[in-house]
Amino acid sequence: MTKITENEFARIVDGISEDSESIIKHNPLGPPDEILLWMLLSCLISYLNLSEIETPCFTTKPDANTYRDAIHFVLKDRRETDFDIDKYLDTFE
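So, here is what we can say about the structure in this document. Just so it is clear, the model here is predicted, and its values are computed rather than measured. (Residues numbered from 1 in each chain as written. Predicted model: local features only at pLDDT ≥ 70, side-chain atom pairs only at ≥ 80, totals over all residues. Heavy atoms only, no water.)

Here we come to the overall build of the protein. Looking only at helices and strands, the protein features 5 helices and 0 strands. For the protein, the N- to C-terminal ordering of α and β elements is α-α-α-α-α. Over its C-alpha atoms the protein spans a radius of gyration of 13 Å, differing by no more than 12% from the 12 Å that the globule rule assigns to 93 residues. Projecting the C-alpha coordinates of the protein onto the three principal axes gives extents of approximately 35 × 30 × 20 Å. Sequence separation of 24 or more characterises 68% of the internal contacts of the protein that already satisfy a separation of 6 or more. In the form shown here, the protein has an accessible surface area of approximately 5800 Å², with 49% of it arising from carbon and sulfur atoms. Across the protein, 9 positive and 19 negative side-chain charges occur, with their mean positions spaced 3 Å apart. (Helix = DSSP H or I, 4+ residues; strand = E, 2+ residues; numbered from the N terminus. Rg over C-alpha atoms; globule rule 2.2 N^0.38 Å. Contact = heavy atoms within 4.5 Å. Areas by Shrake-Rupley, 256 points an atom, 1.4 Å probe, with all protein chains shown as cover. Lys, Arg positive; Asp, Glu negative; His and termini not counted. Charge placed at Lys NZ, Arg CZ, Asp CG, Glu CD.)

This brings us to the side chain of R79. Of note, R79 is situated in the loop between α4 (64-75) and α5 (85-89). One polar contact links the side chain of R79 to the main-chain carbonyl oxygen of L75, over a distance of 3.4 Å. In contact with R79, not counting residues within four places along its chain, are K3, I4 and I85. (Polar contact = N/O pair within 3.5 Å; in protein donor to acceptor, adjacent residues only side chain to side chain.)

Below, the discussion takes up α4. The terminal C-alpha atoms of α4 lie 17 Å apart, and with 12 residues this matches the ideal 16 Å at 1.5 Å per residue to within 8%. Buried within α4 are the following residues: A64, Y67, R68, A70, I71, V74 and L75. The arc enclosing the buried residues of α4, seen along the axis, measures out at 165°, which places them on a common side. Facing away from the buried side of α4 by more than 90 degrees, the exposed set consists of N65 and D69. Contacts from the buried residues of α4 go to α1 (6-18), α3 (32-47) and α5. (Expected span 1.5 Å × (residues − 1). Buried < 20%, exposed > 50% of the residue type's maximum accessible area, 1.4 Å probe, protein only. Arc of directions from axis to C-beta.)

In this section: unusual backbone geometry. For N49, which is not glycine, the phi dihedral falls at a positive 55°. Note on placement: N49 falls in the loop between α3 and α4.

Attention now goes to the environment of T55. With respect to the element layout, T55 can be found in the loop between α3 and α4. Taking the C-alpha atoms as reference points, T55 and I4, 51 residues apart in sequence, are found 16 Å from one another. Residues within four places of T55 in sequence aside, it is in contact with I45 and L50.

In this structure, F9, I16, L40, L44, I71 and L75 are the most contacted members of the largest nonpolar core, which totals 27 residues. Of all the secondary-structure elements, those providing two or more residues to this core are α1, α3, α4 and α5. Among the elements that make up this core, the one with the highest residue count is α3 (7 residues). Those residues in contact with L75 that sit more than four places away from it in its chain are I4, F9, L44, L48 and I85. (Core = buried A, V, L, I, M, F, W, Y, C linked by side-chain atoms within 4.5 Å.)

Printed below as a string of structure tokens:
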């Protein structure tokens, strides 16, 4: 199982934050925080090499809270050390 360090997670979040204007402009799916959380989840799915079975799926239209919950779910057992995920997710608000 691929794991992620806090430094690598922070680097991904920082990169998304730096490119947020472009990401939001080219993905007008919803509110900015929702778009950025969607992008982070997508990056984590790729970074952690999640299989289709491990990838969260949604039965209704997801919102920012749905993406936050999915990110927590994906990272539950895949962090090298325990760190505060919300500290990073809050930067997208």
